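Tertiary structure, described
Spelled out from the first residue to the last, the chains are:
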Amino acid sequence: MANIIEVQDLTKTFGDFVAVKDVTFSVEEGGIFAFLGPNGAGKSTTIKMLTTLLHPTTGSIRINGHDPVADPDLVRRSFGIVFQDPSLDEDLTALENLELHGALYGVPRATLESRITELLALVELSDRRDDFVRDFSGGMKRRLEIARGLLHHPKIIFLDEPTLGLDPQTRNHLWSYVEKLNADEGITVFFTTHYMEEAERIARRIAVIDHGIIVAQGTSEELKQQTGTPTLEDAFLALTGSDIRDEAGSSTDRMRSHYQMRHGGARRS
Amino acid sequence: MNAVYIMWLREVKRFVRSKSRIVGSLGQPILFLVALGYGLGPVFQKAGQGNYLEFIAPGIIGMSIIFSAIFNGMQVIWDRQFGFLKETMVAPVSRLSIMFGRTIGGATVASAQGVLVLVIAIAAGFRPVSWIGVAPALGVMLLIALLFSALGIMVASRLKDMQGFQLIMNFLVMPLFFLSGALFPLNNVPTALLMVARFDPLSYGVDALRYFLIGTATFPLVLDGGVLIGVTAIFLALGSYFFSKIEI
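Here the structure is a predicted model, which is why all the values come from computation and not from measurement.

Helices and strands together make up the secondary structure of chain B, namely eleven helices and zero strands. In chain B, the order of α-helices and β-strands from amino to carboxyl end is α-α-α-α-α-α-α-α-α-α-α. A globule of 248 residues ought to have a C-alpha radius of gyration of about 18 Å, and chain B, at 18 Å, matches this closely. With the C-alpha coordinates of chain B rotated into their principal frame, the extents come out at 60 × 35 × 35 Å. A total of 248 residues make up chain B; the buried ones form 49% of that total.

Here's what the structure looks like:
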């Protein structure tokens, strides 16, 4: 099958800090792809470039055949995303958040209503549709964000650490839902996670990134064989070492701390 | 178009729902009206300048609008911190329409506050020179609100967090307000101060409000209108540019 995501020699630098370096990979249409790496390895920066939020320094990206820099709107129509941290408007209700999304993506009014009902049922939030998001638990917000990400029927869904801070029940529920979507609708899934057993169970292909460089790619079996380890977690540690990493809060934080370092502002931590 | 509407609707909904914000934002204008209007009234009268409450009411309306409009524009920073900004940044609509929706929404909210202050001023004893003048005054309010909403978004697009907010308040909003002639007539002030006031768009906004509400003005109405419309257009263009350049 054709590749729906193609990334070639992608590099992103902030000042003289190289966040992502010469990254090349592809995801086939209908695939489930896990993008793994320690904190600060360049996962979120890569996702931001794939989803038009950051411009690459060099390299090329094709999402559903379009270039995120040249045709951002065509790319944006092709994917849904669940960000690492919440991106809902807490002062609106669940329904209003979905309606806002529908309006932004131009989902026709008639379809919108039935889709919202359907998706809220799927993520089991039907009875909370008119409640304010600020009263939701972390798991409920995640589920609502997943429903929102799917509202415009994207071809690709990006899930950036979607299960972070969720209990095992919610996690299982979420993954079985994602697998069902992939099987029934053929949606391509691109996700990151720190839970190796999730990647091992769900992903058909895995790429491991460290210090901005892809250090290994393949199926879970191939990665284990390559490193001669019994589990994906061991393979991951063998590939990336066991040092603990620090991650700046976001690329903007990184940019700022960099700026301060160079201009002698703040102390180095 | 849909995107502009939905972003406008969001601003309005958030405002209408936040009773504490509405009440809180009226506290300061009331204090200014009552304390200054009644407090400095006798001095103003003795100086032969007429009724001070009448004089500052348009200025206080301008104040409530500029505070509310810039504050609304700065909402972009909160949206950045609470994550919602990303949702609008990955949406397949031009950032121009997102920015316009936000600006018009913020301006609607700020004008509504201006109207509330007008009503309060009337309750405190303010009488517009003619009721017909209130209609064009509402138009001026909307224009002032648009101008400063766009400015707020422009500034907020360049800021990463709320640390800079205090700076903006003290070095942008406060000077814009105090140097605008909202509280004193610009007719007899030292030339230096007049020069500064001439570079403050709020001066023209307040002046136009005075023209329609109390029938006096420092500048010709055409100049007021021209500056307000021109600066609004510039700020909208700059605001859209900076907003479209946001990277997260």
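And the narrative resumes.
We now examine helix H3 (residues 94-104) of chain A. Burial within H3 of chain A is extensive, with ten of its eleven residues counted as buried. Buried residues of H3 of chain A: Ala94, Glu96, Asn97, Leu98, Glu99, Leu100, His101, Gly102, Ala103 and Leu104 of chain A, and no others. Contact partners of the buried residues in H3 of chain A: helix H4 (109-122) and helix H5 (138-150) of chain A together with helix H1 (2-17) and helix H5 (84-89) of chain B. Phi for Gly106 of chain A, located one or two positions after H3 of chain A, is positive at around 65°.

In this section: the environment of Ala69 of chain B. Residue and element names in this part refer to chain B. Inspection of the secondary structure puts Ala69 in helix H4 (residues 52-82). On a C-alpha basis, the gap between Ala69 and Gly181 in space is 19 Å, while along the polypeptide they are 112 residues apart. The residues touching Ala69, leaving out its near neighbours within four places in the chain, are Gly106, Ala107, Ala110, Ala145, Phe148, Ser149 and Gly152.

Let us now look at unusual backbone geometry. Residues and elements named next belong to chain A. Residues other than glycine seldom take positive phi values, yet Glu124 does so here, at roughly 55°. Within the fold, Glu124 resides in the loop between H4 and H5. Phi is positive for His211, close to 50°, though the residue is something other than glycine. Within the secondary structure, His211 is located in the loop between strand S8 (205-210) and strand S9 (213-218).

Our next topic: the interface of chain A and chain B. Taken together, the 25 residues of chain A in the interface contact 21 residues of chain B. Those elements giving two or more residues to the side of chain A that touches chain B turn out to be helix H2 (72-78), H3 and helix H10 (251-262) of chain A. Across the side of chain A that touches chain B, the residue classes break down as eleven nonpolar, five polar and nine charged.

What follows concerns helix H6 (residues 168-185) of chain A. All names here are of chain A. With 18 residues, H6 extends 25 Å between its outermost C-alpha atoms, agreeing within 8% with the 26 Å of an ideal straight helix rising 1.5 Å per residue. Taken together, the buried positions of H6 are Leu174, Trp175 and Val178. Buried residues of H6 fall within an arc of 95° about the axis and therefore sit on the same side. Turned more than 90 degrees away from the buried face of H6, the exposed residues are Gln169, Ser176, Lys180, Ala183 and Asp184. Summarising the contacts, the buried residues of H6 are in contact with H5, strand S7 (188-192) and helix H7 (196-202). One or two steps after H6, the chain reaches Gly186, where phi turns positive at roughly 70°.

As paired elements, S8 of chain A and S9 of chain A share five bridges and run antiparallel to each other. For Asp210 of chain A, the partnering residue across the bridge sits in S9 of chain A and is Ile213 of chain A.

All names here are of chain A. Strand order in this open sheet of six strands is S5-S6-S7-S3-S8-S9, and the pairing throughout is mixed. Unpaired on one side and paired on the other, strand S5 (79-82) and S9 mark the two borders of the sheet. This sheet shows a mean twist of 15° between the axes of neighbouring strands, independent of strand direction. The pairing of S5 with strand S6 (residues 156-160) spans four bridges and is parallel.

Moving on, we come to the environment of Ile30 of chain B. Residues and elements named next belong to chain B. Mapped onto the fold, Ile30 is located in helix H2 (residues 19-39). Judged by the 17 C-beta atoms lying within 10 Å of it, Ile30 is partly exposed. C-alpha separation for the pair Ile30 and Ala124, spaced 94 residues apart in sequence, amounts to 9.1 Å.

A few words on the packing of H1 of chain B against helix H6 (residues 95-123) of chain B. Residue and element names in this part refer to chain B. Packing of H1 against H6 leaves a shortest axis separation of 7 Å and a crossing angle of 35°. Of the two possible hands of crossing, H1 and H6 adopt the one that is right-handed. Judged by residue contacts, Ala3, Val4, Tyr5, Ile6, Met7, Trp8, Arg10, Glu11, Val12 and Phe15 of H1 engage Ser97, Ile98, Phe100, Gly101, Arg102, Ile104, Gly105, Gly106, Thr108 and Val109 from H6. Grouping the constituent residues of the contact of H1 with H6 by class yields twelve nonpolar, five polar and three charged.

Residues and elements named next belong to chain A. Taken together, the three strands give an open sheet; going across it, the order is S2-S1-S4, and neighbouring strands pair in antiparallel fashion. A strand with exactly one partner marks an edge of an open sheet, and here the two such strands are strand S2 (17-28) and strand S4 (58-63). Strand-to-strand, the axes of this sheet are offset by a mean angle of 15°, without reference to chain direction. Where strand S1 (residues 3-14) lies against S2, eight bridges are found, and the strand directions are antiparallel. Within the sheet, the bridge partner assigned to Thr13 lies in S2 and is Val18. Most of the contacts of helix H1 (residues 43-50) go to S1, to which it runs at about 120°, and overall it touches S1, S2 and S4.

Quick notes on the rules
- Residues numbered from 1 in each chain as written.
- Chains lettered and ligands numbered in written order.
- Predicted model: local features only at pLDDT ≥ 70, side-chain atom pairs only at ≥ 80, totals over all residues.
- Helix = DSSP H or I, 4+ residues; strand = E, 2+ residues; numbered from the N terminus.
- Rg over C-alpha atoms; globule rule 2.2 N^0.38 Å.
- Buried ≥ 20, exposed ≤ 12 C-beta atoms within 10 Å, placed from the backbone.
- Contact = placed C-beta atoms within 7 Å.
- Nonpolar A, V, L, I, M, F, W, Y, C, P; charged D, E, K, R; others polar.
- Expected span 1.5 Å × (residues − 1).
- Arc of directions from axis to C-beta.
- Pairing = 2+ DSSP bridges.
- Axes fitted to C-alpha atoms, helices over the stretch in contact; angles between N-to-C directions.
- Left-handed = near helix turned anticlockwise from the far one by under 90°.

Shape is all these values report; function is a separate question.
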